[in-house]
Amino acid sequence: MECDYPASKKNKLTHPMDIDCTVKEEATDAGSTNQHFHWSQWQLLDSILPTGGFAHSYGLEAGMQSRMVNRPEDLGPFVVQVLENTGSLLLPFVYCASKSPDAATWVKLDQLLEATLTNEVSRKASMSQGSALLRVAASVFTEIQTLQDLRQTFLGSKNLSFHHAPIFGLICGLVGFDHETTQRAYMFITMRDVISAATRLNLIGPLAASVLQHQVAADAERMLQKWRDRGVEAATQTAPLLDALQGCHAYMFSRLFCS
Amino acid sequence: MAGLAAAVEAAATGVLRVEKVRGRSAVTRCFAKYPLKLIAPSKVAPASCGAAWIYAITYGGGIVSGDRISCAVTVGDACTAAMTTQSSTKVYKAVDSKCSEQVLEARVGKDALLALIPDPVTCFSTARYHQKQVFHVFTDSNLVIVDWFTSGRYESGEKWKFSFYKSINHIILEDQPLFIDSVLLEESSNCSIADRMQGYNVVAMVVLLGPKLKHIQDQMQDEVKKMMSVQLRPPTSAGGRYTSRPQPLCPQMPPLIASCSPFGRMGTGMVARITAVSTESVYSFLRHHLAALESFLGASPYSAS
């Protein structure tokens, strides 16, 4: 749309009023597309989107039952560790999927992540969240044909595990997020879900949780800038204690969450 | 494939080949140059067993900043080999921020068994260490990988003082990635490694893969589940957010945490992740859970002798 602007100006030099009108109409079109995009963006990041994120604690429940996390003050450092590990391990998959939102890349990323998520608890959580997100996005964004085609092609496929990070990157890429926003969004929903789990585990009250979320945002941004835009061969985990603990999730006799 | 393997062997610090000789696994090639030494004693396993044992030793007992040790290992079809160390691998302090590196590329044949059962890596203060192990396997290959490291010479107070530790383990099943693991611990100004590791001093990973090891996998999964489930319990309301306790040096956290996960489409593999306060407790854990390997290897890994 911006490219057309200088050309139309040249053609309508004899009609200055027309130039103004034309330019204004084009600007409105560009503006309304941008504005429309915001609604999609906010909907994708809203916790009300039924992707089942509320069923996962990202290892927090195991952290509490092993007494690693005991008091509200312990939550901040825990969230930061989860975010660091999300950045180092999963952000490359989000990034690569958003860069090339096509079938071949998606299958490769999904299969690689299946081999990379060696922790069964987080692997199953990723599969359940990924397939839920794909189903919701395909139902919601009916205008994105590529998304519809991809879902149709791979529904019921044995070759795909429907992992969350590549699907998230894929959908954001198709909806029109830029790469930085896509990766920031992934960090955001992780932070949102861990803190939400903390309130339901009675570790912290909802008001204090909101205060914490704002405080941790600076760390989350720092982690984003550190781990963004990497290839999947660089994916690495940075929290071995959390990994060992989260793997114990299924051993807990009484538990609220799936992971 | 053969050309690539030959190229890897040509560039390597150490080359090891185990093949069947008169029905028994024998070391048919054992080459190593400084700073690596490979020793293949014949007396480790009883003669009846038929497994080859190889010790990888570094001159000076450790890896110096800037050293790069690469090893190419081939275990022939139906052969059994165990690779271990004489003592924990020490990684000395970094000089000019140079990283020390160990690389292993192993090919495990059909119905073969490779057990990589070393002592842990101990990185000294400011050390920088990078390790990469790649295993090429077939569907009926068997593999035991123990990969572990400590916080340093922690009895003398050197705890998580190294600068950089990265360990990569890849298992490739007939050109497809089966198990891709990478662990990175790097000192950063925002969160020290010590804070992240919360009083634990040892991180260990045990991988068991292959049809011959199914019973060992199953037993380990059951026992780990039993051991951990009694130590995990929901916080009581007294321990909730209304009590302020002095921050413990983890006296309340379990001294050893372990969890097992199956991997692979057919669940032929299992990985156990362990973190512990003491190295001895992990030796104990490994000795106990890998004891059944004696029937394959002729000697029990990590036996206290």
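Identification of chain B as Urease accessory protein D from Zizania palustris is taken from an unreviewed UniProt entry.

The name given to chain A in an unreviewed UniProt entry is Urease accessory protein F, with the source organism recorded as Zizania palustris. According to the UniProt record, the Sequence similarities (unreviewed entry) comment for chain A reads "Belongs to the UreF family." What UniProt records for chain A under Function (unreviewed entry) is the sentence "Required for the maturation and activation of urease via the functional incorporation of the urease nickel metallocenter."

Draft legend 1. Here's a closer look at the sheet that holds strand β14 (residues 164–173) of chain B. Residues and elements named next belong to chain B. Read from one edge of the open sheet, 7 strands run β2-β1-β6-β9-β12-β14-β15, paired in mixed fashion. With partners counted over all chains shown, the strands left at the sheet margins are β2 (24–32) and β15 (176–186), one partner each. Shown here is a sheet whose adjacent strand axes are inclined to one another by a mean of 10 degrees, direction ignored. Sheet topology places strand β12 (residues 128–137) next to β14; 10 bridges connect them, and they run parallel. When the sheet's bridge partners are listed, Tyr129 is paired in β14 with Tyr165.

Draft legend 2. Representation of the side chain of A:Glu61 within the structure. Residues and elements named next belong to chain A. Relative to the assigned elements, Glu61 resides in helix α3 (residues 60–65). Of the buried charged residues, Glu61 lacks a salt bridge, with Arg255 as the closest side chain of opposite charge at 6.3 Å. Discounting chain neighbours no more than four positions away, the residues touching Glu61 are Leu201, His249, Met252, Ser254, Arg255, Leu256 and Phe257.

Draft legend 3. Region of interest: the interface of chain A and chain B. Facing the 44 residues of chain A at the interface are 46 residues of chain B. Broken down residue by residue, the surface that chain A buries against chain B is led by A:Arg67, A:Leu241 and A:Tyr251, which jointly contribute 20%. Between chain A and chain B we count 1 salt bridge in total. Among the salt bridges present, the one from A:Asp243 reaches B:Arg273, with a minimum N-O distance of 3.1 Å. Linking chain A with chain B are 16 residue pairs in polar contact (both at pLDDT 80 or more), by the criterion used here.

Draft legend 4. Quick look at the packing of aromatic side chains. All names here are of chain B. Under the defined criterion, the tally for this structure stands at 15 aromatic pairs over all chains. Their ring planes at 85 degrees and their centres at 6.0 Å tell us that Trp148 and Tyr302 sit as a pair that is edge-to-face. Highlighted residues: Trp148 in strand β13 (residues 142–150) and Tyr302 in the segment after α5 (294–297), separated in sequence by 154 residues. In this pair, the class of Trp148 matches that of Tyr302, namely buried. Clustering of aromatic rings is evident, with ring pairs tying together Tyr129, Phe149, Trp160, Phe162 and Tyr165. Cation over ring: Lys110 sits above Phe138, and NZ or CZ is 4.5 Å from the ring centre. Lying across the ring of Phe124, Arg153 places its NZ or CZ 3.5 Å from the centre.

Cut-offs and rules
Residues numbered from 1 in each chain as written. Chains lettered and ligands numbered in written order. Predicted model: local features only at pLDDT ≥ 70, side-chain atom pairs only at ≥ 80, totals over all residues. Heavy atoms only, no water. UniProt positions renumbered as here; feature names shortened; annotations may be inferred. Pairing = 2+ DSSP bridges. Helix = DSSP H or I, 4+ residues; strand = E, 2+ residues; numbered from the N terminus. Axes fitted to C-alpha atoms, helices over the stretch in contact; angles between N-to-C directions. Buried < 20%, exposed > 50% of the residue type's maximum accessible area, 1.4 Å probe, protein only. Lys, Arg positive; Asp, Glu negative; His and termini not counted. Salt bridge = Lys/Arg side-chain N within 4 Å of Asp/Glu carboxyl O. Contact = heavy atoms within 4.5 Å. Buried area = accessible area lost by both parts, 1.4 Å probe. Polar contact = N/O pair within 3.5 Å; in protein donor to acceptor, adjacent residues only side chain to side chain. Phe/Tyr/Trp six-rings, centres within 6.5 Å; stacked < 30°, edge-to-face > 60°. Lys NZ or Arg CZ within 6 Å of the ring centre and 35° of its normal.

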